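# Descriptive analysis of the structure
Listed below, chain by chain, are the residues.
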Amino acid sequence: MSRPFTKVITANALLEGDVIYWTEEATWTRHLSKAEVFEDEAIADEQLMTASAQTDIAVGVYLADVHLENGLPQPTHFRETFRTKGPSNYAHGKQVELN
Amino acid sequence: MYKYNDFDAAFVAERNKQFRAQVARRIDGSLTEDEFKPLRLMNGLYLQLHAYMLRVAVPYGTLNGRQMRQLAMIAERWDKGYGHFTTRQNIQFNWPKLQDVPDILDALAEVEMHAIQTSGNTIRNVTADHFAGAAADEVEDPRPTAELLRQWSTDHPEFQFLPRKFKLAVTGSEADRAVIRAHDIGIQVVRQNGEVGYKIIVGGGLGRTPMIGKVLRAFLPKQDLLPYVEATVNVWNRLGRRDNKYKSRIKITVHEHGIEDIARRVEARFEQIRPAFSGIDQVFLSEIEQSFAPPTYRADATSAFDAAYETDPLFRSWADTNLTAHRNPDYAIVSISLKKHGATPGDATADQMRVMADLAERFGHDELRVSHEQNIILPHVHKSDLPQVYAQLRAAELGTANIGLISDIIACPGMDYCALATARSIPIAQDIAEHFDALKLEHDIGPLKIKISGCINACGHHHVGHIGILGLDRAGVENYQITLGGDGTEDATLGERAGPGFSADGLLPAIERIVRTYLELRQDPSETFLQAYRRVGMAPFKAALYPESQANAA
Ligand code: HEM
Ligand code: SF4
């Protein structure tokens, strides 16, 4: 069974290196919850090109798997879960900075 | 300790100026990431999972108090108040911002430090025995040799675009504390018929295809070192596989061609290039040797040590595990544990760095070392000062008495920081250390080295851990493979895989089963885990790890 296509565009911010996501407004956000979720592969690829062109903001742009919970994107792979939080050994990174 | 000469200082200043301009051009958009990435890597700047990471070289692991203080300042001013000491005798800062990095590099240059050649396909930071110049069992201090190699390799035009990274390690003792057999070239200072020279080992390495280095030359006269090492790099530079990055390290070249063939080629090349070395390098070497002259030792009584050892059980326990014999019997080598139970292996806060700097300045002839086991060493402390040193370490949470024990774990950053990781390593180390501390078994278990890597690159040296742990991603879940019997010393051995991996939850019980099996089968408490493993082999441990499959087989 092939899984349905559900992805967000993500990268690291050029200046801080922090994890960022692509939004519907064609801007970047630090919150996964505000990311645009793509369910159409062709549209996702096209947006990926646009997002990748913003080399003065974003580094290492790629598509990451998510699934929807109550309409909000949640990471599918544990690596992406860590990217939404920060390291597990200290309260550093998004887990403290976003609140 | 080695001092920058005018050339060194000007070179670093020029590099920093260039990099400042490159960062500015990256930020204003005139450089793309593809153009900028190789430039930042040349200056030790990586982009990790959550932030940039700056890797700062600590040549052969040697620091003075002022340098340690500056690292503390950098940690506080531009990072989150701590630094991570690594198995490569480096320090890494996990949270610098891109625009601050040029200022950080200038701050490093103020204390004769830099981040050059800590990344990329160059000759990397030369590592050395962390007890160099102090160890009782040493033929000669290996650091002048390491410094000579550093000067020769830094910015050497032929060595900026090698097939792959190249790592050198040097030791001056037969007891190998620098893991020289897991480096591209390992160098041991040896004495033969009264003459000091080198044993050259080639083709060691860990990573995806681990190999133990082989002897290329059993005795090399001292003055032939640079032409010989250069000949070795030349041979590899020509034969090395640039088509496949997994086959590009010299260990693969040695493996594919055989050590005899490589040795023949190296000797031939060596004969060709030796005449071009005029001997000026030996003049440099003797100058360098002067800057590593031993400190002026004190001749005071050591009775304060004996008194504390008799009366204070905590001090005694620490002295028993964290001190090593110094060549001067009135002195000791102090290993400061950065492995407090439950803490992140190798991390030190800015305050802790300052405490260590103070201790080095007041009691340690102003010398500190970073060990590849992620601890800090005070190489020269007079025994009468040890009770005071211990009291201050304890007050700074640096007094853990666990060097060489089960909680003295090497762990790479793993998926908590590293973009290449397939699983976490730090929390695994934290759990193991806390668990065995709670069981109060640590000192009974005795010497046992656990080493953890968060992916196949093996930065945590897991292949040479008595117990090695490799974190993998199995269908989207963290999974940990165990190897047993590895050894990174002069008897270097690669660990043997025990069997299928364990989940993050199943790993700690598995480690406990291994340890309890050892405690049951050892002949007496003086038989270490590694000795017992060598005597009995994998079978009893396998039976303890996989009781189900034993039952099925029966
Ligand atoms: C966090 C960023 C890091 C990255 C991206 C990284 C990357 C790598 C890679 C790709 C290799 C494999 C090289 C090969 O086999 O050709 C490697 C090996 C190695 N790294 Fe790292 N590493 C990182 C951190 C560290 C740290 C923190 C340490 C020290 C604790 C370290 C020490 C080593 C060692 C000892 C090896 C294996 C020895 C060898 O080169 O054969 N690395 N690293
Ligand atoms: S072993 Fe893998 S996870 Fe650990 S630091 Fe090296 S590259 Fe990163």
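Residues numbered from 1 in each chain as written. Chains lettered and ligands numbered in written order. Predicted model: local features only at pLDDT ≥ 70, side-chain atom pairs only at ≥ 80, totals over all residues. Heavy atoms only, no water.

## Considerations on the overall build of chain A
Counted only if it meets this: We count a stretch as a helix when DSSP gives it H or I for four or more residues in a row; a strand needs E for two or more, and each element gets its number in order from the N terminus. We compute the radius of gyration over the C-alpha atoms and compare it with the globule rule, which gives 2.2 Å times the number of residues raised to the power 0.38. We call a residue buried when its accessible area falls under 20% of the maximum for its residue type, exposed when it is over 50%, and partly exposed in between, using a 1.4 Å probe and counting protein chains only. A 1.4 Å probe and the Shrake-Rupley method give the accessible areas. Residues count as covered only by the protein chains that appear here.
Each helix and strand in chain A was counted, giving three helices and five strands. Compactness check: chain A gives a C-alpha radius of gyration of 13 Å against a globular reference of 13 Å for 99 residues, within 12% of the reference. Along the first, second and third principal axes, the C-alpha atoms of chain A reach 40 × 35 × 20 Å. Of all 99 residues assigned to chain A, the portion counted as buried reaches 44%. Counting only carbon and sulfur atoms, one obtains 51% of the accessible surface of chain A, whose full area is about 5,100 Å².

## Section: helix α16 (residues 504–521) of chain B
Worth spelling out the cut-off: Expected helix span is given by 1.5 Å per residue-to-residue step, counting one fewer step than there are residues.
Taking 1.5 Å as the rise per residue, α16(B) with 18 residues should run 26 Å; its terminal C-alpha atoms sit 27 Å apart, in good agreement. For α16(B), every residue scored as buried is listed here: B:Leu507, B:Ala510, B:Ile511, B:Glu512, B:Ile514, B:Val515, B:Thr517 and B:Tyr518.

## Describing the sheet that holds strand β14 (residues 368–370) of chain B
Residue and element names in this part refer to chain B. Note the cut-off: Only strands that DSSP links by at least two bridges are regarded as paired with each other. In this analysis, two residues are considered to be in contact whenever any of their non-hydrogen atoms come within 4.5 Å of each other. Lines fitted to C-alpha atoms define the axes here, with helix axes fitted over just the stretch in contact, and angles between the N-to-C directions of these axes take values from 0 to 180 degrees.
Spatial ordering of the open sheet is given by β3-β14-β15-β12-β11, a layout of five strands whose pairing is antiparallel. Only two strands of the sheet have a single neighbouring strand rather than two, namely β3 (62–63) and β11 (323–325). Bridge analysis of β14 against strand β15 (residues 376–382) gives two bridges, and the strand direction is antiparallel. Across the sheet, the residue bridging to Arg 369 is Ile 377, located in β15. Those strands touched by helix α12 (residues 350–363) are β12 (331–336), β14 and β15, and its axis lies near 25° from that of β15.

## Examining helix α4 (residues 101–110) of chain B
Looking at α4(B), one finds that the buried residues are B:Val101, B:Pro102, B:Ile104, B:Leu105, B:Ala107 and B:Leu108. Looking at the residues trailing α4(B), positive phi occurs at B:Glu112, about 60°.

## Quick look at the sheet that holds strand β1 (residues 45–47) of chain B
All names here are of chain B. Read from one edge to the other, the open sheet built from five strands follows the order β1-β2-β5-β4-β13, with strand pairing classed as antiparallel. With one partner strand each, in any of the chains shown, β1 and β13 (347–349) form the two edges of the open sheet. Recorded for the sheet is a direction-independent mean angle of 30° between the axes of neighbouring strands. For β1 and strand β2 (residues 52–57), the ladder comprises three bridges, and the chain directions are antiparallel.

## Let's talk about the side chain of B:Asp281
Residue and element names in this part refer to chain B. Quick note on the threshold: Charge convention: Lys and Arg are scored as positive, Asp and Glu as negative, and His as well as the terminal groups of each chain are ignored. Any carboxyl oxygen of Asp or Glu that lies within 4 Å of a side-chain nitrogen of Lys or Arg is treated as forming a salt bridge with it.
Along the chain, Asp 281 turns up in helix α9 (residues 280–291). Arg 274 provides the closest opposite charge to the buried, unpaired Asp 281, separated from it by 11 Å. When residues no more than four places from it in sequence are discounted, the contact partners of Asp 281 are Leu 148, Gln 223 and Leu 226.

## Re the domain arrangement of chain B
Residues and elements named next belong to chain B. Selection rule: All domain edges in this entry derive from an automatic or database-based domain assignment. Buried area adds together the accessible area that both of two parts lose upon being put together, with accessible area traced by a 1.4 Å probe. Here a polar contact is recorded for every N or O atom pair within 3.5 Å, except that within protein the pair must consist of a potential hydrogen donor and a potential acceptor, and residues adjacent in sequence are included only if both atoms are side-chain atoms.
Domains assigned within chain B are domain 1 (6–61 + 74–110), domain 2 (142–291), domain 3 (311–395) and domain 4 (410–553). Once you take the C-alpha centre of each, domain 1 and domain 2 turn out to be 28 Å apart. Counting from both sides, the interface comprises five residues of domain 1 and, opposite them, eight residues of domain 2. Of the roughly 620 Å² buried between domain 1 and domain 2 on both sides combined, carbon and sulfur atoms contribute 60%. Looking at the side of domain 1 facing domain 2, the largest losses of area belong to Phe 11, Tyr 60 and Arg 88, adding up to 75% of the total buried there. Taken together, domain 1 and domain 2 are joined by zero salt bridges. There are one residue pair in polar contact (both at pLDDT 80 or more) connecting domain 1 and domain 2.

## Let's talk about the site of ligand 1
All names here are of chain B. As a reminder, the rule being used: We call a residue near a molecule or strand when any one of its heavy atoms sits within 4 Å of it. Each residue is assigned to one of three groups, with Ala, Val, Leu, Ile, Met, Phe, Trp, Tyr, Cys and Pro labelled nonpolar, Asp, Glu, Lys and Arg labelled charged, and all others, Gly among them, labelled polar.
In the vicinity of ligand 1, 21 residues are found, and the nearest of them are Gln 48, Thr 87, Lys 167, Arg 249 and Cys 459. Here Lys 167 contributes a side-chain N or O atom positioned 2.9 Å from an oxygen atom of ligand 1. One of the backbone nitrogen or oxygen atoms of Leu 206 is found 2.9 Å away from an oxygen atom of ligand 1. Among the residues making up the shell around ligand 1, the classes are represented as eight nonpolar, seven polar and six charged.

## Notes on the confidence of the model for chain B
Formally: pLDDT measures the predictor's confidence residue by residue and takes values from 0 up to 100.
Averaged over chain B, the pLDDT score is 93; the fraction of residues at 70 or greater is 97%. Overall fold confidence (pTM) sits at 0.93, and the ipTM for the predicted complex is 0.94.

## Re the interface of chain B and chain A
Listed as interface residues are 32 residues of chain B and, on the opposing side, 25 residues of chain A. Together, B:Leu49, B:His50 and B:Met415 form the three largest contributors to the area buried by chain B at its contact with chain A, with a combined 24%. Taken together, chain B and chain A are joined by one salt bridge. In this structure, B:Lys80 engages A:Glu97 in a salt bridge whose closest nitrogen and oxygen atoms are separated by 3.1 Å. Of all elements in the fold, only α1 (6–27), α14 (426–438) and β19 (477–484) of chain B reach the threshold of two or more residues within the side of chain B that touches chain A. Its residues assigned to classes, the side of chain B that touches chain A shows 16 nonpolar, seven polar and nine charged.

## Thoughts on the site of ligand 2
Taken together, B:Cys412, B:Pro413, B:Gly414, B:Cys418, B:Leu420, B:Ala421, B:Ser453, B:Gly454, B:Cys455, B:Asn457, B:Ala458 and B:Cys459 are the residues near ligand 2. When grouped by side-chain class, the residues that make up the shell around ligand 2 number eight nonpolar, four polar and no charged.

## Section: the packing of aromatic side chains
For any pair of aromatic rings, the description consists of the separation of the ring centres together with the inter-plane angle of the planes. Residues and elements named next belong to chain B. Convention followed: Stacked, tilted and edge-to-face are the three classes assigned to paired rings of Phe, Tyr and Trp, where Trp is represented by its six-membered ring and a pair needs centres within 6.5 Å; plane angles under 30 degrees give stacked, over 60 edge-to-face, the rest tilted.
For the coordinates displayed, the defined rule picks out 18 aromatic pairs over all chains. With centroids separated by 5.7 Å and ring planes inclined at 70°, the aromatic side chains of Tyr 60 and Phe 292 adopt a geometry described as edge-to-face. Here Tyr 60 is found in the loop between β2 and β3, whereas its partner Phe 292 is found in the loop between α9 and α10 (303–311), with 232 residues between them in sequence. Judged by relative accessible area, which is 5%, Tyr 60 ranks as buried. Judged by its relative accessible area of 7%, Phe 292 falls in the buried class.

## Observations concerning the environment of B:Trp318
All names here are of chain B. You can see Trp 318 is positioned in helix α11 (residues 313–322). Owing to a relative accessible area of 0%, Trp 318 belongs among the buried residues under this scheme. For the pair Trp 318 and Gln 67, spaced 251 residues apart in sequence, the C-alpha to C-alpha distance is 27 Å. Discounting chain neighbours no more than four positions away, the residues touching Trp 318 are Leu 323, Val 334, Leu 386, Tyr 390, Leu 393, Gly 399, Thr 400 and Ala 401.

## Focus on the packing of helix α6 (residues 225–239) of chain B against helix α8 (residues 259–273) of chain B
All names here are of chain B. To keep it simple, the criterion reads: For classification, angles of less than 35 degrees are called roughly parallel, those exceeding 145 degrees roughly antiparallel, those between 65 and 115 degrees roughly perpendicular, and all remaining angles oblique. Handedness of a crossing is defined here by the sense of rotation of the near helix relative to the far one, left-handed for an anticlockwise turn of less than a right angle and right-handed for a clockwise turn.
Put simply, α6 and α8 touch, their axes get as near as 8 Å, and they point 120° apart. On the basis of their axis angle, the class for α6 and α8 is oblique. At the point where α6 passes α8, the crossing takes the right-handed sense. Touching Pro 227, Tyr 228, Glu 230, Ala 231, Thr 232, Asn 234, Val 235 and Leu 239 of α6 are Ile 262, Arg 265, Val 266, Glu 267, Arg 269, Phe 270 and Ile 273, all from α8.

## Considering the environment of B:Leu484
Residue and element names in this part refer to chain B. Inspection of the secondary structure puts Leu 484 in strand β19. By relative accessible area, which is 0% here, Leu 484 ends up buried. Separated by 18 residues in sequence, Leu 484 and His 466 have C-alpha atoms that sit 5.6 Å apart. Leaving out residues up to four positions away in the same chain, Leu 484 has contacts with His 466, Ile 467, Gly 495, Glu 496, Ile 514, Phe 529, Tyr 533, Met 538 and Phe 541.

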